[in-house]
Amino acid sequence: MKPGYLALLFPIFMLSAFNANAASSALRIACEGDDVGAEVLINGKFKGECPMDVQVPAGTSKLLVQKKVDDQERMFEQDIRMGEGVIKKIEVKLVSKAFFLKLKEAEAGNIKSMSWLQATYRSYILKGEGDAKYNEEQYLKWTRKLAESGKGYAMFDLGQAYQKGKGVEKNMDEANRWYRRGFEI
């Protein structure tokens, strides 16, 4: 059977499986490159290796994908909310454990970790490393969080993004608003 047929048959197969178990949903976990073969755990239970399709219960589940690459542990974690009979695809991009921990600290509100992530994504953008669109989105995400937490340098950076239309729609009113906020502190 050609590989393309499998992709077409997946939704049909999963929908027929839902008839047997209406409270479950399907999760397609996709990965590429070195991430292929990573262990997939859902709610702490091993389910197989990435890439894979797996049934999950409706509700919230914790997805953890992990793999050792060149003696370095790499990870991906995400809480996933699923409705009954839903099919969802998750694109997994593993990061080093150190990066993963910084990300967790930043998400918990740690300003130093947010600043570290902002600087890291800025560096990726300047060097042209990785996925440019993703890096820009992440840079702006952490810049905005820092600006909203009162960091003047981030307010200036966010003002520049609006002024130049970098990753956001060009908007001089919004740019000036962030510049003014930065000067007020």
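Residues numbered from 1 in each chain as written. Predicted model: local features only at pLDDT ≥ 70, side-chain atom pairs only at ≥ 80, totals over all residues. Heavy atoms only, no water.

Student: Please clarify how the overall build of the protein chain should be interpreted in this entry.
Tutor: Along the backbone of the protein chain there are six helices and eight strands. For the protein chain, the succession of helices and strands along the chain, N to C, is α-β-β-β-β-β-β-β-β-α-α-α-α-α. Out of the 185 residues belonging to the protein chain, those deemed buried represent 35%. Pairs at least 24 apart in sequence give 46% of the contacts found in the protein chain among residues at least 6 apart. (Helix = DSSP H or I, 4+ residues; strand = E, 2+ residues; numbered from the N terminus. Buried < 20%, exposed > 50% of the residue type's maximum accessible area, 1.4 Å probe, protein only. Contact = heavy atoms within 4.5 Å.)

Student: Honestly, the side chain of Asn135 in this entry has me stumped. Any pointers?
Tutor: By the element assignment, Asn135 lies in helix H4 (residues 132-148). What makes Asn135 buried here is its relative accessible area of 4%. In this structure the side chain of Asn135 is engaged in a polar contact, spanning 2.6 Å, whose partner is the backbone oxygen of Glu129. (Polar contact = N/O pair within 3.5 Å; in protein donor to acceptor, adjacent residues only side chain to side chain.)

Student: Is there a simple way to think about the side chain of Thr143 in this case?
Tutor: With respect to the helices, strands and loops of the structure, Thr143 is situated in helix H4. Setting aside residues no more than four positions away along its own chain, Thr143 makes contact with Gln118, Ala154, Asp157 and Leu158.

Student: What's the story with the packing of helix H2 (residues 97-107) against helix H3 (residues 111-127) in this structure? I'm lost.
Tutor: When two helices pack together, their arrangement is captured by the angle between the axes and the distance separating the axes. At a minimum axis distance of 8 Å, the contact between H2 and H3 shows a crossing angle of 125°. As summarised for this structure, H2 and H3 are arranged oblique, according to the angle between their axes. For the crossing formed where H2 meets H3, the hand is left-handed. Of the residues in H3, those touching H2 at Phe99, Lys102, Leu103, Glu105 and Ala106 are Ser113, Met114, Trp116, Leu117, Thr120, Tyr121 and Tyr124. Looking at the contact of H2 with H3 residue by residue, the classes come out as eight nonpolar, two polar and two charged. (Axes fitted to C-alpha atoms, helices over the stretch in contact; angles between N-to-C directions. Parallel < 35°, antiparallel > 145°, perpendicular 65-115°, else oblique. Left-handed = near helix turned anticlockwise from the far one by under 90°. Nonpolar A, V, L, I, M, F, W, Y, C, P; charged D, E, K, R; others polar.)

Student: How should I be thinking about the packing of aromatic side chains in this particular structure?
Tutor: Here a ring pair, both rings aromatic, is described through the centre-centre distance and the interplanar angle of the planes. If you walk through the whole model with that rule in mind, you get five aromatic pairs. With 5.7 Å between their ring centres and 90° between their planes, Tyr121 and Tyr124 make a pair best called edge-to-face. Placement of both Tyr121 and Tyr124 in helix H3 is noted, with a separation of three residues, approximately one turn of the helix. Judged by relative accessible area, Tyr121 falls into the buried class, the value being 4%. Ring centres 5.5 Å apart and planes at 40° place the aromatic pair Phe156 and Tyr179 in the tilted group. Of this pair, Phe156 sits in helix H5 (residues 152-164) while Tyr179 sits in helix H6 (residues 172-184), and the two are 23 residues apart along the sequence. (Phe/Tyr/Trp six-rings, centres within 6.5 Å; stacked < 30°, edge-to-face > 60°.)

Student: Whenever I open this one, the pairing of strand S3 (residues 45-49) confuses me. Can you help?
Tutor: Consecutive residues of a regular strand have side chains that alternate between opposite faces of the sheet. In this sheet, S3 lies alongside strand S2 (residues 39-42) in antiparallel orientation, the contact comprising four bridges. Note that in S3 the partner of Glu39 across the bridge is Glu49. Hairpin connection between S2 and S3: a loop of two residues separates the two successive antiparallel strands, and Asn43 in this loop has a positive phi of roughly 55°. (Pairing = 2+ DSSP bridges.)

Student: I tried to follow the pattern of salt bridges on my own but got confused; where do I start?
Tutor: Side chains bearing opposite charge may pair, as long as their charged atoms lie close to each other. According to the stated counting rule, one finds 10 salt bridges in the structure shown. For Lys62, the salt bridge is made with Glu77, and the minimal N-O distance between the two is 3.9 Å. Here Lys62 is found in strand S5 (residues 59-69), whereas its partner Glu77 is found in strand S6 (residues 72-82), with 15 residues between them in sequence. We classify Glu77 as partly exposed; its relative accessible area is 26%. The salt bridge involving Glu174 is made with Arg177; its shortest N-O contact spans 2.8 Å. Note that Glu174 and Arg177 are positioned in helix H6 at a spacing of three residues, about one turn of the helix. Given the relative accessible area of 33%, Arg177 is considered partly exposed. Because the salt bridges share partners, they merge into one network encompassing Lys62, Glu77, Asp79 and Lys104. (Salt bridge = Lys/Arg side-chain N within 4 Å of Asp/Glu carboxyl O.)

Student: Which parts of the structure should I look at to understand the nonpolar core?
Tutor: Soluble globular proteins tend to pack their nonpolar side chains together in the buried interior. If you look at the biggest cluster of nonpolar residues, it comprises 20 residues, and the most contacted ones within it are Leu117 and Trp142. Looking at this core, the elements with two or more residues in it are H2, H3, H4, H5 and H6. Apart from residues lying up to four places away in sequence, Leu117 is in contact with Phe99, Lys102, Leu103, Ala106 and Trp142. Formed by 18 residues, the second largest nonpolar core is a distinct cluster that contains Leu27, Cys50, Met52 and Leu94. (Core = buried A, V, L, I, M, F, W, Y, C linked by side-chain atoms within 4.5 Å.)

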